[in-house]
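The chain contents come next:
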Amino acid sequence: MKRSTFRLAALTSTVAIAGVTLAACGDSSGGGDGMLAAIEAGDVTIGTKYDQPGLGLRNPDGSMSGLDVDVAEYVVNQIAEAKGWDAPNVTWRETPSAQRETLIQNGEVDLIAATYSINKGRSESVNFGGPYLVTHQALLVREDEADITDLESLDGKILCSVTGSTPAQKVKDALPGVQLQEYDTYSSCVEALRQGNIDAMTTDATILLGYSAQAPGQFKVIEMEKDGEPFTNEYYGVGLAKDDAEATDAINEALTKLHESGEFDKLLEKNLGGNEAVAPGKPGDLSFLD
Ligand code: GLU
């Protein structure tokens with residue numbers, strides 16, 4: 001099915017944006033006084049994924065790369081510039097899917113950019129800037145997989161996703177017949193798929209395209225549709241402390257500039273090969289939650 005198979009054109013590693021230092025260690029307490037205070041004080045703790053190539057990846061040399069890494073760095077630097085502060089040092093913190101709200105609520109991170117979909121449930125515990133990107137839930141299967149071609153053909157198959165993620169929840173609701181195994185990270189799902197322990201994994205197309213591009217010839221990405229529409233829309237936001245309206249506005253201003261300046265397109269091309277599974281979001285417009 002050619003229509004439903006899409007690939008990543010290129011996946012390149014990223015370099016740190018000038019002005020942001022990657023702190024090897026640092027203040028582990030994160031943003032007790034809020035994100036803006038942390039940026040002003042010159043030391044900000046950002047949560048992201050460490051195992052998602054093209055989005056949030058900790059490289060063997062300790063450097064960070066990916067679209068979420070670049071977006072988060074742009075946001076904190078842009079806010080600092082707009083306020084007349086120095087660009088802050090960044091301490092990175094790994095934020096697995098199931099821990100994101102808790103790490104924000106505990107003040108262990110000041111903000112999170114980690115393939116983090118904005119939804120109603122999460123919005124009760126945290127605030128979101130964004131959305132800065134829209135993608136859709138998809139499937140990753142082995143290259144030689146012939147049986148799994150769409151959502152319906154998953155019935156009776158062993159599927160992997162990650163605890164606390166929106167795709168895991170959506171697939172459980174839609175397909176009670178599927179055998180869903182929930183792991184802590186997507187990289188462990190990829191390993192299980194490679195070993196033949198599961199038949200498919202599901203999450204956002206962005207993430208799956210990143211894994212597929214890293215292992216040419218091993219996997220293919222399959223779109224999921226329901227009634228001719230994408231199975232889900234995943235609106236990526238920047239998570240931060242609940243009710244911090246001033247910081248949320250500052251993030252949205254920075255994200256608007258990211259889009260309007262054309263920088264977002266460049267970052268997308270650099271990290272994800274400008275692929276068709278991604279559209280820019282409208283920062284500050286949360287009408288999709290209604
Ligand atoms: N965007 C989805 C979510 O926030 C899936 C990706 C992830 O688990 O980080 O749940």
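Structure: above.
Below, the structure is looked at part by part.

What counts and what doesn't
- Residues numbered from 1 in each chain as written.
- Predicted model: local features only at pLDDT ≥ 70, side-chain atom pairs only at ≥ 80, totals over all residues.
- Heavy atoms only, no water.
- Axes fitted to C-alpha atoms, helices over the stretch in contact; angles between N-to-C directions.
- Helix = DSSP H or I, 4+ residues; strand = E, 2+ residues; numbered from the N terminus.
- Parallel < 35°, antiparallel > 145°, perpendicular 65-115°, else oblique.
- Contact = heavy atoms within 4.5 Å.
- Nonpolar A, V, L, I, M, F, W, Y, C, P; charged D, E, K, R; others polar.
- Polar contact = N/O pair within 3.5 Å; in protein donor to acceptor, adjacent residues only side chain to side chain.
- Buried < 20%, exposed > 50% of the residue type's maximum accessible area, 1.4 Å probe, protein only.
- Pairing = 2+ DSSP bridges.

Quick notes on the packing of helix 2 (residues 67-83) against helix 8 (residues 245-260)
Working step 1: Closest axis-to-axis distance for the helix 2/helix 8 pair is 9 Å, and the angle between their directions is 110°. Taken together, the axis directions place helix 2 and helix 8 in an arrangement best described as roughly perpendicular. Together, Val-71, Tyr-74, Val-75, Gln-78, Ile-79 and Lys-83 of helix 2 and Glu-246, Ala-250, Ile-251, Ala-254, Leu-255, Lys-257 and Leu-258 of helix 8 make up the contact between the two elements.
Working step 2: Taken together, the residues of the contact of helix 2 with helix 8 break down into nine nonpolar, one polar and three charged.

So, the side chain of Thr-232
Working step 1: With respect to the helices, strands and loops of the structure, Thr-232 is situated in the loop between strand 15 (229-230) and strand 16 (234-241).
Working step 2: Within the structure, the side chain of Thr-232 is placed 3.1 Å from the backbone nitrogen of Gln-137, a separation counted as a polar contact.
Working step 3: In this structure, Thr-232 is in contact with Thr-135, His-136, Gln-137 and Lys-170, ignoring residues within four places of it in sequence.

Examining the pairing of strand 12 (residues 200-204)
Working step 1: For strand 12, the buried fraction is high: five of the five residues fall into the buried class.
Working step 2: Of the strand pairs in this sheet, strand 9 (residues 137-142) and strand 12 are connected by four bridges, and their pairing is antiparallel. Considered in strand 12, the bridge of Gln-137 is made with Asp-204.
Working step 3: In terms of strand pairing, strand 10 (residues 158-162) meets strand 12 through two bridges, oriented parallel. Bridging across to strand 12, Leu-159 finds its partner in Ala-200.

Structural notes on the pairing of strand 8 (residues 126-135)
Working step 1: The buried count for strand 8 comes to 10 of 10 residues, which makes it a mostly enclosed element.
Working step 2: Two elements, strand 8 and strand 16, share seven bridges in a ladder whose sense is antiparallel. Bridge pairing in strand 16 places Phe-128 opposite Gly-239.
Working step 3: Relative to strand 17 (residues 279-280), strand 8 runs antiparallel, the two sharing two bridges. Bridged to Val-134 within strand 17 is Ala-279.

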